[in-house]
Structure formats: C-alpha cells, structure tokens
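Residue-level structure breakdown
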Amino acid sequence: MSTTSLAVDPTAGVEELPVLDLKNVSVRYPGHRRVPWRRQLAVDAVRDVSLHIMPGETLGLVGESGSGKSTLGRAILRLVDVATGTVHVSGEDVTAFGRRVPVSYRRAVQVVWQDPYSSLNPTMSIGQTMAESLRLHRGLRGSAVTDAATELMERVGLNGSHLRRHPHEFSGGQRQRIAIARALAAQPKLIVLDEPVSALDVSTQSQVIGLLEDLQAETGVAYLFIAHDLPVVRHISDRIAVMYRGRIVETGPADRLCDNPAHPYTEALLAASPIPDPVEQRRRSVARRDALREQLASADSDSGADGCPFRHRCTMALPECVETFPITTPVSSGGEVACYLQTFGPRLEGRDLTALGDHKISV
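Every chain's residues receive numbers from 1 upward, in the order its sequence appears when written. Totals for whole chains, interfaces and linings use every residue, but because this is a predicted model, local features are given only for residues with pLDDT of at least 70 and side-chain atom pairs only at 80 or more, for both listing and counting. The basis for every side-chain value is the complete set of non-hydrogen atoms in the structure, without hydrogens or water.

Quick look at the overall build of the protein chain
This is how it is decided: Think of it this way: any DSSP run of H or I at least four residues long counts as a helix, any run of E at least two long counts as a strand, and we number them from the N terminus. For every residue, the accessible area obtained with a 1.4 Å probe (protein chains only) is divided by the maximum for its type, and the residue is called buried under 20%, exposed over 50%, and partly exposed between those limits. Contact between two residues is taken to exist if any of their heavy atoms lie within 4.5 Å; hydrogens are not considered. Using the Shrake-Rupley algorithm and a 1.4 Å probe, accessible areas are obtained, with residue cover drawn only from the displayed protein chains.
Regarding its fold elements, the protein chain presents 12 helices and 12 strands. Relative to its 363 residues, the protein chain shows a buried fraction of 46%. Taking the contacts inside the protein chain whose residues are at least 6 apart along the sequence as the reference set, 64% of them involve residues at least 24 apart. For the protein chain, the computed accessible surface area is about 19,400 Å², with 50% contributed by carbon and sulfur atoms.

Some words on the packing of aromatic side chains
Applied cut-off: The pairing test for Phe, Tyr and Trp rings, Trp by its six-membered ring, is centres within 6.5 Å, and the orientation test on the planes gives stacked under 30 degrees, edge-to-face over 60, and tilted for anything in between. Only Lys NZ and Arg CZ are tested; either one counts as a charge over a ring when it is within 6 Å of the ring centre and within 35 degrees of the ring normal.
The final tally for this structure, using the stated rule, is 4 aromatic pairs. The interplanar angle of 65 degrees and the centroid separation of 5.7 Å between the aromatic rings of Phe-97 and Tyr-105 together place this pair among those described as edge-to-face. Overall, Tyr-105 belongs to the buried group, its relative accessible area being 4%. One aromatic cluster is present, formed by Tyr-244, Tyr-265 and Phe-310 through successive ring pairs. Here Arg-247 stacks its cationic end above the ring of Phe-325, 4.2 Å away from the centre of that ring.

What to know about the pairing of strand S8 (residues 222-226)
Short version of the rule: Pairing between strands is defined by DSSP: at least two bridges between them are needed.
Of all 5 residues in S8, 5 are buried; the element is thus mostly enclosed. Alternating residues of S8 divide into Ala-222, Leu-224 and Ile-226 and Tyr-223 and Phe-225, and every residue in both groups is buried. Here strand S3 (residues 58-62) runs beside S8; their pairing, made up of 4 bridges, is parallel. Counted as the bridge partner of Thr-58 is Tyr-223 from S8. With 5 bridges joining them, strand S7 (residues 190-194) and S8 adopt parallel strand pairing.

Concerning the nonpolar core
Put simply, the rule is: Residue types Ala, Val, Leu, Ile, Met, Phe, Trp, Tyr and Cys, when buried and joined through side-chain atoms within 4.5 Å, form a set referred to as a nonpolar core.
In this structure, Leu-134, Ile-180, Ile-191, Leu-212, Phe-225, Ile-240 and Val-242 are the most contacted members of the largest nonpolar core, which totals 62 residues. With 7 residues, the top contributor of residues to this core is helix H6 (residues 172-185). Once residues lying within four places of it in the same chain are set aside, the contact partners of Ile-240 are Leu-59, Gly-60, Val-62, Leu-230, Val-233, Arg-234, Glu-250, Thr-251, Gly-252, Ala-254, Leu-257 and Cys-258.

Looking at the pairing of strand S9 (residues 239-244)
Within S9, 6 of the 6 residues are buried, which leaves the element mostly enclosed by the surrounding structure. Along S9, one buried face is formed by Arg-239, Ala-241 and Met-243 and the opposite face, lined by Ile-240, Val-242 and Tyr-244, is buried too. When S3 meets S9, the two strands line up parallel, connected through 4 bridges. Paired with Val-62 across the strands is Val-242, a residue of S9. The pairing of S9 with strand S10 (residues 247-253) spans 6 bridges and is classified as antiparallel. When the sheet's bridge partners are listed, Tyr-244 is paired in S10 with Arg-247. A loop of 2 residues connects S9 with S10, the two strands running antiparallel in sequence, and Arg-245 in this loop sits at a positive phi of about 50 degrees.

Let's talk about the sheet that holds S7
The condition that has to hold: To define axes, lines are fitted to C-alpha atoms, for helices over the stretch in contact only, and angles between the resulting N-to-C directions are given on a 0 to 180 degree scale.
Read across the open sheet, the 8 strands follow the order S6-S7-S8-S3-S9-S10-S12-S11; overall the sheet is mixed. Looking at the sheet topology across the chains shown, the edges are occupied by strand S6 (109-112) and strand S11 (329-330). Pairing between S6 and S7: 4 bridges, direction parallel. Bridged to Gln-110 within S7 is Ile-191. The sheet strands contacting H6 are S6 and S7, and the helix crosses S6 at an angle near 175 degrees.

A look at the confidence of the model for the protein chain
Quick note on the threshold: Confidence of the predictor in every single residue is expressed as pLDDT, which spans 0 to 100.
Residues of the protein chain with pLDDT of at least 70 account for 78%, and the chain-wide mean is 82. Confidence drops under a pLDDT of 50 for residues 1-14, and excluding neighbours within four residues, the segment shows 0 contacts in the predicted structure. Counted against residues more than four places away or in other chains, residues 291-304, with its pLDDT under 50, gives 11 contacts.

Regarding H6
Selection criterion: Each helix should span, by expectation, one fewer than its residue count multiplied by 1.5 Å.
Taking 1.5 Å per residue, 14 residues should reach 20 Å; H6 reaches 20 Å between its end C-alpha atoms and fits that length. Along H6, 12 of the 14 residues are buried, which leaves the element largely enclosed by surrounding structure. If you follow the buried residues of H6, they end up packed against S6, helix H3 (116-119), helix H4 (126-138), helix H5 (143-155), S7 and helix H7 (202-219).

Written as structure tokens, this is what we have:
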C-alpha cells in the first residue's frame, strides 16, 4: 500500500500585505508668525488620505499643482512630519520611528525626483554616487561595487564607461536613467516617482516610461507615480488616485477612471488635457483662467472648510457639499469616489437635473 505525501504551502491562505498602506494621513504646515498682524492659519496640505499599494503594482497619483501630491510623497519618505494617521510599509508602522529613521526603511523606500540634475551630486562621478548607495544598502566592497554598478547602468540602458563621468556630461533623459539606477541599487520594495518625466521631451518620456515598466516586470518593485499628465499616468498605472486640495476624491482602475470618471473633478482633469488645435486650446485656457478667478474668490469667502473642496468649481454642487466631505462610495465598475452624486443615489431622483447637461455622471 503506497502513501502519497502532500506538501503544504505555509503561505497558502495568507493575505499578501500591501507594500504601502496609508490610513487617514494628514500633513499640516504652520502659518507665518514673524509679523503678528499678518499671521496666517495653519494649512492642511494633505487631509485624511487613505491609500494602499500592493507588491509589483503601480499607483498613479494625479491632480493640479498645489493639490498635495508631492507633499504626500514627502510624508511617505519621512521628509515631512505626519500630523495624524499612520503610514505602514510592509506592515511596519513608519510613523512610530520618531526622528531617527532606520537605514532599513531608507533601503525599502527609494525616490526619483523630477529634476535629476539637482538630485545628483555635481562634484561626484556617477561611479562614486552608485558606490555610496551600494556600500550603504547592500554592504558591497571592493570590485563587487564596480561590478554591481556596471550591471545597474547596463540595466537602465547605459554602460560601465559612464561611471567615470559627472552629471553635467549627460542629457536629461540619461540623468533620469542614472537616478533610477541609483534607486534600484538599494533593491527597494517601493519607489516614489515624483514627476519623473515632466522635465523631459515626449520621445524621452516614452523611453523612460518603457524602462520603468521593464524594470518593474524584472524586479517586482512597486511604484507610486506622481504626475499631473493623465495620459502618461494611465499608460503606466494599474490604478489611479485623483487628489484635489489635499483630499483623495476618486480611485480606481486606470482604464475605468479615464474612460468613465465618477467624480466631476476627474472629468475636469480629462477635459483639460491638451488638444492639437492651438486656437481652441487658447480659447479654453482663457475661459478656464477667468472661471477659476471667480471660483477662487468665492472659495476664499466661504467658511465651510469641511465640505467638498471642489464645490466652488463644480457645476453639479448640491447643498450637502458645503457641510461635510462625502464618504467614499464603491463604483460598480471598480474603485471608489467621494461625491454626493454617487453617495445619495436614489435621493437624486425627483431633483431637477436638467442643469447638469452633459456633466451628469453615469458609471
């Protein structure tokens, strides 16, 4: 009588932890205090943000300039303090570190900035820059450093001879590749990409995006891709989170969110994408500028700071939008949205919605 031995996978049924998990994160900047009669109140740059990123996933974070995207990235990197909420990386509470951040966390979370020239030390050769990271994070010494640095350079489309050069000897696209190689040197679990292609021309953007996708498939690293260009974000992202004035107003799969947005602000972002007709593009820009001046004036005079931040610019604003920020509501085709038009559902029946025109949302 024969017996069959069944191997048991100890990880079976165990849910995979997110690489990054934010719970109700807020970041507050203090007001000016030098001149008492011009004292300003503290500014909430990020308010109650909850997001997660799984291993090997790319989450795109989009919004206008000043929406809080980069501040959120800096909070994840522990470059600014979190006022409230928690940041977990692979299950470890980052907000409990205090002032001294462990090297293990710096190894797990790396960053690629918008301007690669300012993020690279101009007095150090590329080889010295790479060696610094390889020694600190991987403990390499001697010839192993040179071998690893050469391998990383080749992985990003450069070669070992470039290690002897300095940052000023490279083009913008090459410098960004070097910044990516330096980030990969630590073998991180997450890379925060803060506007990594916005300073590059279109053809170079495409090359860098393709490189990032190849490296992710090769290493399994997760990305937080911060940008304001929705077409670029859609191309590289698995999911997208839309941020406005410090709040996350919508999240969802990239294709669903771009093809069928559930929040009026997401619709506005998509409508603001450049078009090939320069005359029409100029007309739209002037109209948006004039409308924005009126909307910002009304926003400054409104004391209802706890309502939906987009209510001043929204053609579909309801009375409830002034009072409290909407709770997040699941979208049937994937993701979540913070909008009373979705939260109320049947409560909108019977209202006069003819004024919404083409802006009425159906998801």
